[in-house]
Each structure stands twice: as structure tokens, then as C-alpha cells.
Amino acid sequence: MNLKYLFIAIAAFLSAISAFSSSPVVKPKAGGIPVTIKADRAELERATQQSIYTGNVRLERGGLTMVGDKLVVTRNPNTKEVLAVLTGSPAKIQQLPDATVKDEMRAQANRVEYTLKEQSLSLIGNAIFARNNDRMAGEEIRYDAKNGRVLANGNANTKGGVVITFTPDDLE
């Protein structure tokens, strides 16, 4: 499964949202597509460079939508690393096709972690990733974009494994 496009969409979102931590004004980036965040509560703390959104969190940017109970975005002032953690029951991400992405992609898990510098996306707890009709499910799915590697783990406690469903390309 190609998670590259979902990674690109989330990277663009984090580039834009990290402005919340370092500036009092949101500055749209990556083509001028604005980020809209709706939540019951928002806490933006300049000193810790952290943004916390709680209650009915919905983030939209172009064709990207993220929905969860809580979103925490932290920017390390020394390394400039940005970490975003979205939690929910489940937390959901959807990327609709647009000018940069041709396939619809969906992901959900109890916890979604993304690091901008490391270019890693982790779906933790009841993880599901789907692209069109292809689907991967497990307790945990980790995507390392730098190395183009996907690692999926089942749940050893419940003896649940990893399930991958895909539609082979037409060979004609």
C-alpha cells in the first residue's frame, strides 16, 4: 500500500499548523491552502510551543480531514521537530482525491502520531489504513516515509493478527 500521499497531506497540514505554536496568527503555507480547526476548546501556549484542541476536534485542509477527541501539536524550539498526536474513539483521517492525490485514503486508530522531521506516521490501537479498495488492519501500523517502509503488528494478547486485503491490478 502506498501511504506516500497520506504522508504528504499530513506533512502539509503540520507545516501550516506549527505556525500556531510560534506565532499568534495562522499563516497558511504549502500553496496557500488554509487550515481550519474546530473544537470545543483550544489552548495555544507560546512558551511551550504547544497547541491543544479538545472536544469534537475537526481539522480540514483542502481534501484532508482529521477528526478526533483531542489533538496536541508540539514544536520543539531547539530541533524544530513537530509532533502531532490525535486521539479518539477512533481518531480518523481522510484524504479525498485532489490535484495532488489521485486516490481516496482513510486511516483510523485510537491514537495517531505524526512527526514531521522523522516523516513517520503511527496508527496505534485498532489501526486501519485503506486506499480505495485496499485495506490493512492490525493493532499498530507504522509508516516510515524516509525509508518507504510499512510495519504492521497484530495484538499478541488477543492473538489477533494483521489483515491485509488488496485488489490485484488488472493484468490485461
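Residues numbered from 1 in each chain as written. Predicted model: local features only at pLDDT ≥ 70, side-chain atom pairs only at ≥ 80, totals over all residues. Heavy atoms only, no water.

**Remarks on the nonpolar core**
Right, on to step 1. Membership of the largest hydrophobic core comes to 26 residues, with the highest contact counts inside it found for L71, L86, I93, V112 and L123.
Right, on to step 2. Contributions of two or more residues to this core are made by β3 (50-61), β4 (64-75), β5 (82-95), β6 (105-115), β7 (120-131) and β8 (134-144).
Right, on to step 3. Dropping the residues within four chain positions of it, L123 is found in contact with A107, A109, R111, V112, I128, F129, E139, E140 and I141. (Core = buried A, V, L, I, M, F, W, Y, C linked by side-chain atoms within 4.5 Å. Buried < 20%, exposed > 50% of the residue type's maximum accessible area, 1.4 Å probe, protein only. Helix = DSSP H or I, 4+ residues; strand = E, 2+ residues; numbered from the N terminus. Contact = heavy atoms within 4.5 Å.)

**Some thoughts on a nonpolar patch on the surface**
Right, on to step 1. Residues V162, I164 and F166 make up a contiguous nonpolar surface patch of roughly 290 Å² in combined accessible area.
Right, on to step 2. By the secondary structure assignment, V162 is in the loop between β9 (149-153) and β10 (163-165).
Right, on to step 3. On the accessibility criterion, V162 (34% relative accessible area) is partly exposed. (Patch = residues over 30% accessible without salt bridge, like charges linked within 9 Å, V, L, I, M, F, W, Y side chains within 5 Å. Areas by Shrake-Rupley, 256 points an atom, 1.4 Å probe, with all protein chains shown as cover. Salt bridge = Lys/Arg side-chain N within 4 Å of Asp/Glu carboxyl O.)

**A short note on the pattern of salt bridges**
Right, on to step 1. By the definition in use, this model includes 6 salt bridges.
Right, on to step 2. R131 serves as the salt-bridge partner of D134, at 3.2 Å between the closest nitrogen and oxygen.
Right, on to step 3. The buried category is assigned to D134, whose relative accessible area is 11%.
Right, on to step 4. Look at R131 and you get buried, because its relative accessible area is 19%.
Right, on to step 5. Note that R142 and E140 form a salt bridge whose closest N and O atoms lie 2.3 Å from each other.

**Remarks on unusual backbone geometry**
Right, on to step 1. Residue P90 follows S89 across a cis peptide bond; omega there is 0°.
Right, on to step 2. Tracing the backbone shows P90 in strand β5.
Right, on to step 3. Positive phi, normally seen in glycine, also occurs at N126, with a value near 55°.
Right, on to step 4. Here N126 shows up in strand β7.
Right, on to step 5. The exposure class assigned to N126 is partly exposed, which follows from its relative accessible area of 49%.
Right, on to step 6. Backbone geometry at N132 places phi at a positive 50°, although glycine is not the residue there.

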